[in-house]
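# Structural characterization, general
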Amino acid sequence: MTTFVDRVELHVAAGNGGHGCASVHREKFKPLGGPDGGNGGRGGDVILVVDQSVTTLLDYHHSPHRKATNGKPGEGGNRSGKDGQDLILPVPDGTVVLDKQGNVLADLVGHGTSYVAAQGGRGGLGNAALASARRKAPGFALLGEPGDLQDIVLELKTVADVALVGYPSAGKSSLISVLSAAKPKIADYPFTTLVPNLGVVTAGETVYTIADVPGLIPGASEGRGLGLEFLRHVERCSVLVHVLDTATLESDRDPVSDLDIIEAELRQYGGLDDRPRIVVLNKIDVPDGKDLAQMVRPDLEERGYRVFEVSAVAHTGLKELSYALAELVGQARAAKPKEEATRIVIRPKAVDDTGFTVVQEEDGLYRVRGEKPERWVRQTDFNNDEAVGYLADRLNRLGVEEELMKAGARSGDGVAIGPEDNAVVFDWEPTMMAGAEMLGRRGEDHRLEAPRPAAQRRKDRQAERDEAEREYDDFEPF
Ligand SMILES: Nc1nc2c(ncn2[C@@H]2O[C@H](COP(=O)(O)OP(=O)(O)OP(=O)(O)O)[C@@H](O)[C@H]2O)c(=O)[nH]1
Ligand SMILES: [Mg+2]
């Protein structure tokens, strides 16, 4: 038996960025040649890609933990580390990606549509890339950043043009089997179909897909029978077909009240009101069935339904039905906005990485939050004083020092950079960090220069910041 899985939790881990390398070029008679440590490679992304040959999420049910490979560290001799490999996860057409709270992150429809579920960490810059006119031989490199970790939920919503709904044993699967080449399980007991079947129908020039869902019974919306859970698979269809049983032996049922009950359940589920519907009266090969069909037809037509009398067993009325469905599918396709590109790549929203905030918390701690400061902290090797100094310079240039000062921070106050559960906390030393401001950057000493007017100093400082930002951004591995 093939298992059909249409909802899985998936834990994806992108690759970590490789660390940058701190190395100094050496030649025989030239012992100190200059920095030549290469950059670390980027960590691989985890990417979901729609692959039409995949029809279930079964693979992810069996192995729900997936990881892309890490970037390699940089090496001496200006050798960059290799990038990690992206991990491509094929998913069925119609896979919806949600976060654990149930928010939709992406709706993947169409072969090749892809979604970056976890982004690889950036590689750290090597000391060659960190060298500048001011910092000729950095004795440190930046650490690679950890890759994203994400817990996501994948839900499959079958993509079919036509969906068959109706009571158990009405003959939905039988109809699919005679309209298409699909061979679903058919039997004379209710709930034979436990998962949707999908078939491809060709009617003249039109090719469309048709799906059934497990039979519905009164109270399905309260979870009776198999419940409404599987209606998810009809959400994307453009045409609904009511399959009504004209030969049921249950005394309290007849096609019209069956239809009312199924409609009531569909309304409970919601969101399907705008789909065109047609009615199929099945099993007219049974003599009583034929009579009953003729009896209820006017009533159904009066309600505005187009009615088809068929027999899935005797193969009557099937051609008219398949052409009528083709026509409706054609109209729905024409009304749909044109598909843009065949290959849509969806990336998680980029976070705004320009600003940062400084807030003093109740316990007196000053917390700095912002994409850049937090990234810089992750990139810092705190065992290396020079690397820590570089971090201080960067924070200073961004204006973090200034903001701390404005917020009232004094020497010795606690400062945390990052979120509550993952922050670097240190005692603030404004003399050290602001020292970089007052004395100029490491290796320079403004005290030797003639004093500048305040306005000029401010301008110079801004220019320096801009330059430093440019310098860094040029080296961004992304
Ligand atoms: N006489 C007759 N029997 C039919 C016809 N169509 C289906 N059946 C029979 O009705 C029974 C149920 O058919 P299925 O196609 O499995 O019904 P279903 O609607 O898919 O049922 P569930 O999957 O349980 O919801 C089977 O025994 C079929 O052989 C028909 O046109 N005429
Ligand atoms: Mg069935």
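Residues numbered from 1 in each chain as written. Chains lettered and ligands numbered in written order. Predicted model: local features only at pLDDT ≥ 70, side-chain atom pairs only at ≥ 80, totals over all residues. Heavy atoms only, no water.

## A few points about the overall build of the chain
Looking only at helices and strands, one finds eleven helices and 19 strands in the chain. Taking as baseline every contact in the chain between residues at least 6 positions apart, the subset at least 24 positions apart corresponds to 71%. On the chain, roughly 24,300 Å² of surface is accessible, and the fraction owed to carbon and sulfur atoms is 51%. (Helix = DSSP H or I, 4+ residues; strand = E, 2+ residues; numbered from the N terminus. Contact = heavy atoms within 4.5 Å. Areas by Shrake-Rupley, 256 points an atom, 1.4 Å probe, with all protein chains shown as cover.)

## Comments concerning the nonpolar core
Grouped together as the largest cluster of nonpolar side chains are 26 residues, with contacts concentrated most on Val162, Leu164, Leu175, Tyr208, Val241, Leu321 and Leu325. Looking at this core, the elements with two or more residues in it are strand E9 (162-165), helix H3 (172-179), strand E10 (197-203), strand E11 (206-212), strand E12 (239-245), strand E13 (277-282) and helix H6 (318-335). Take this core: its biggest share by element is seven residues, from H6. With residues near it in sequence (within four places) discarded, Tyr208 still touches Asp161, Val162, Gly199, Val200, Val201, Ala203, Ser322, Leu325, Ala326, Val329 and Arg333. (Core = buried A, V, L, I, M, F, W, Y, C linked by side-chain atoms within 4.5 Å. Buried < 20%, exposed > 50% of the residue type's maximum accessible area, 1.4 Å probe, protein only.)

## Here's the deal with the UniProt feature "binding site: Mg(2+)" (unreviewed entry) in the chain
Feature annotation in UniProt places "binding site: Mg(2+)" (unreviewed entry) on Ser173 and Thr193, given in this structure's numbering. The greatest C-alpha distance among the annotated residues, which extend across 21 residues, is 7.5 Å, indicating that they converge on a single site. Relative to the assigned elements, Thr193 resides in the loop between H3 and E10. For Thr193, a relative accessible area of 10% gives the class buried. With near-sequence residues (within four places) excluded, Thr193 lies in contact with Ser173, Lys185, Asp212, Pro214 and Leu226. At a separation of 2.7 Å, a polar atom in the side chain of Thr193 contacts the side chain of Ser173. (UniProt positions renumbered as here; feature names shortened; annotations may be inferred. Polar contact = N/O pair within 3.5 Å; in protein donor to acceptor, adjacent residues only side chain to side chain.)

## Points about the coordination of the magnesium ion (ligand 2)
For the magnesium ion (ligand 2), the full set of protein donor atoms is Ser173 (OG) and Thr193 (OG1), and the range of their distances to it is 1.9 to 2.1 Å. Residue Ser173 is located in helix H3, and its partner Thr193 is located in the loop between H3 and E10; the two are separated by 20 residues in the primary sequence. (Donors = N, O, S within 2.8 Å, 3.2 Å for Na, K, Ca; no water.)

## A word on helix H7 (residues 371-378)
Across the eight residues of H7, six count as buried, placing the element largely inside the fold. Among the residues of H7, Lys372, Pro373, Glu374, Arg375, Trp376 and Val377 are the ones counted as buried.

## As for the sheet that holds strand E6 (residues 104-108)
A sheet is described by the order of its strands in space; here five strands give the open sequence E3-E1-E8-E5-E6, paired in mixed fashion. Each end of this open sheet is capped by a strand with a single partner; those strands are strand E3 (65-67) and E6. Adjacent strand axes in the sheet meet at a mean angle of 25 degrees when their direction is disregarded. As defined by bridge partners, strand E1 (residues 7-13) adjoins strand E8 (residues 149-156) across seven bridges and the pair is classed as antiparallel. When the bridges of E8 are listed, Leu10 appears paired with Ile152. (Pairing = 2+ DSSP bridges. Axes fitted to C-alpha atoms, helices over the stretch in contact; angles between N-to-C directions.)

## Here's the deal with the packing of aromatic side chains
Taken as a whole, this structure holds one aromatic pair when the rule is applied. With 5.1 Å between their ring centres and 45 degrees between their planes, Phe140 and Tyr390 make a pair best called tilted. Remark: Tyr390 occurs in helix H8 (residues 385-398) and Phe140 occurs in the loop between helix H2 (127-130) and E8; sequence separation between them is 250 residues. With respect to class, Phe140 is no different from Tyr390; both count as buried. Above the plane of the ring of Tyr167 lies Arg253, whose end atom (NZ or CZ) is 3.8 Å from the centre. (Phe/Tyr/Trp six-rings, centres within 6.5 Å; stacked < 30°, edge-to-face > 60°. Lys NZ or Arg CZ within 6 Å of the ring centre and 35° of its normal.)

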